[in-house]
Amino acid sequence: MAVLEILKYPHPLLKSRSQEIEKIDENIRKLIQDMAETMYDANGVGLAACQVGVCQRAIVLDVSPIDPEKDFMVIINPEIVFEEGEIDHEEGCLSVPDCLEKVKRKEKVRLRGASLEGEKVEFDAEGILALALQHEIDHLNGKLILDRISGLKREIYRNKLKKKKEKEE
Ligand SMILES: [Zn+2]
């Protein structure tokens with residue numbers, strides 16, 4: 001197992017659409033293990049494969065720090081097949097450091113995908129799990145929280161990033 005580097009905005013891979021996984025093989029299983037380790041190392045509650053540079057549709061989640069009834073989860077080829085309600089949720093992202101923004105999300109979602117064993121999974125989610133699922137699936141579609149906020153806020157963030165980089169140089 002290994003802690004992988006998390007790609008940061010504006011890395012181009014974060015903007016690309018990830019591919020469906022057709023076969024869950026040894027490589028995918030190893031990727032998932034590394035993603036889990038990377039997520040825990042960064043104190044995140046979710047991670048999409050493209051955040052570690054692999055553009056395949058796989059996500060890992062562990063929202064138990066916020067909802068203790070939930071556990072570690074892997075979902076292969078996740079898709080939302082039903083959604084309901086609307087909610088403003090303040091989110092951060094491991095790929096978008098120092099950014100905490102209110103994002104519009106659905107309150108409840110029904111998720112369909114596959115387990116790491118290749119079995120079909122389908123379940124309803126609400127609360128933090130529903131929000132985290134939407135955030136990670138956004139990643140698989142090349143979307144970041146920056147794409148869900150106003151152009152002005154995005155510009156402010158870009159400027160902040162630029163200043164930070166200048167300071168570091
Ligand atoms: Zn993220």
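Right above here is the structure, for reference.
To keep things clear, this report deals only with the structure shown in the data block. In this text the structure is predicted, and so the values were computed from the model without any measurement.

**Section: the coordination of the zinc ion**
Phase 1: Around the zinc ion, the protein supplies Cys93 (SG), His135 (NE2) and His139 (NE2) as donor atoms, at distances of 2.0 to 2.2 Å.
Phase 2: Donor residues binding the zinc ion come from one chain and are separated in sequence as C-x41-H-x3-H. One end of the pair, cysteine 93, is in strand E3 (residues 73-93); the other, histidine 135, is in helix H2 (residues 127-140), and 42 residues separate them in sequence. The pair cysteine 93 / histidine 135 is uniform in exposure class, with both members buried.

**So, the nonpolar core**
Phase 1: Of all hydrophobic cores here, the largest spans 17 residues; its most connected members are Ile59, Leu61, Ile75, Ala125, Leu129 and Leu133.
Phase 2: The leading source of residues in this core is H2, at seven residues.
Phase 3: Residues within four places of alanine 125 in sequence aside, it is in contact with Glu107, Lys108, Val109, Ala130 and Leu133.

**Looking at the pattern of salt bridges**
Phase 1: Considering all chains together, one arrives at 14 salt bridges under this definition.
Phase 2: For the salt bridge of glutamate 155 with arginine 158, the shortest nitrogen-to-oxygen distance reads 3.3 Å. Taken together, the residues span about one helical turn, with glutamate 155 and arginine 158 both in helix H3 (residues 151-168) at a distance of three residues.
Phase 3: For glutamate 155, a relative accessible area of 38% puts it in the partly exposed group.
Phase 4: Linked through salt bridges whose partners overlap, the residues forming this network are Glu91, Arg105, Asp138 and Arg148.

**Observations regarding the sheet that holds strand E1 (residues 46-48)**
Phase 1: Read across the open sheet, the five strands follow the order E1-E2-E3-E4-E5; overall the sheet is antiparallel. Two strands lie at the open edges of the sheet, namely E1 and strand E5 (120-126), each paired on one side alone. Between one strand axis and the next, the sheet turns through 45 degrees on average, direction left out of account.
Phase 2: Where strand E4 (residues 96-114) and E5 come together, seven bridges link them in antiparallel fashion. Each bridged residue has a counterpart across the sheet, and for leucine 111 the counterpart in E5 is phenylalanine 123.
Phase 3: The strands touched by helix H1 (residues 26-41) within the sheet are E1, strand E2 (58-61) and E3, with E2 carrying the most contacts at an inclination of about 40 degrees.

**With respect to H1**
Phase 1: Helix length check: H1, at 16 residues, gives a terminal C-alpha distance of 23 Å against a target of 22 Å (1.5 Å per residue), a fit within 8%.
Phase 2: Taken together, the buried positions of H1 are Ile28, Leu31, Ile32, Asp34, Met35, Ala36, Thr38 and Met39.
Phase 3: Buried positions along H1 lie against E1, E2 and E3.
Phase 4: Within two residues after H1, asparagine 43 carries a phi angle of roughly 55 degrees, on the positive side.

**Notes on the side chain of glutamine 51**
Phase 1: Inspection of the secondary structure assignment puts glutamine 51 in the loop between E1 and E2.
Phase 2: Exposure remark for glutamine 51: the relative accessible area of 1% places this residue in the buried category.
Phase 3: Dropping the residues within four chain positions of it, glutamine 51 is found in contact with Glu5, Ile6, Leu7, Leu14, Gly46, Cys93, Leu94, Ser95, Glu136 and His139.

Cut-offs and rules
Residues numbered from 1 in each chain as written. Predicted model: local features only at pLDDT ≥ 70, side-chain atom pairs only at ≥ 80, totals over all residues. Heavy atoms only, no water. Donors = N, O, S within 2.8 Å, 3.2 Å for Na, K, Ca; no water. Helix = DSSP H or I, 4+ residues; strand = E, 2+ residues; numbered from the N terminus. Buried < 20%, exposed > 50% of the residue type's maximum accessible area, 1.4 Å probe, protein only. Core = buried A, V, L, I, M, F, W, Y, C linked by side-chain atoms within 4.5 Å. Contact = heavy atoms within 4.5 Å. Salt bridge = Lys/Arg side-chain N within 4 Å of Asp/Glu carboxyl O. Pairing = 2+ DSSP bridges. Axes fitted to C-alpha atoms, helices over the stretch in contact; angles between N-to-C directions. Expected span 1.5 Å × (residues − 1).

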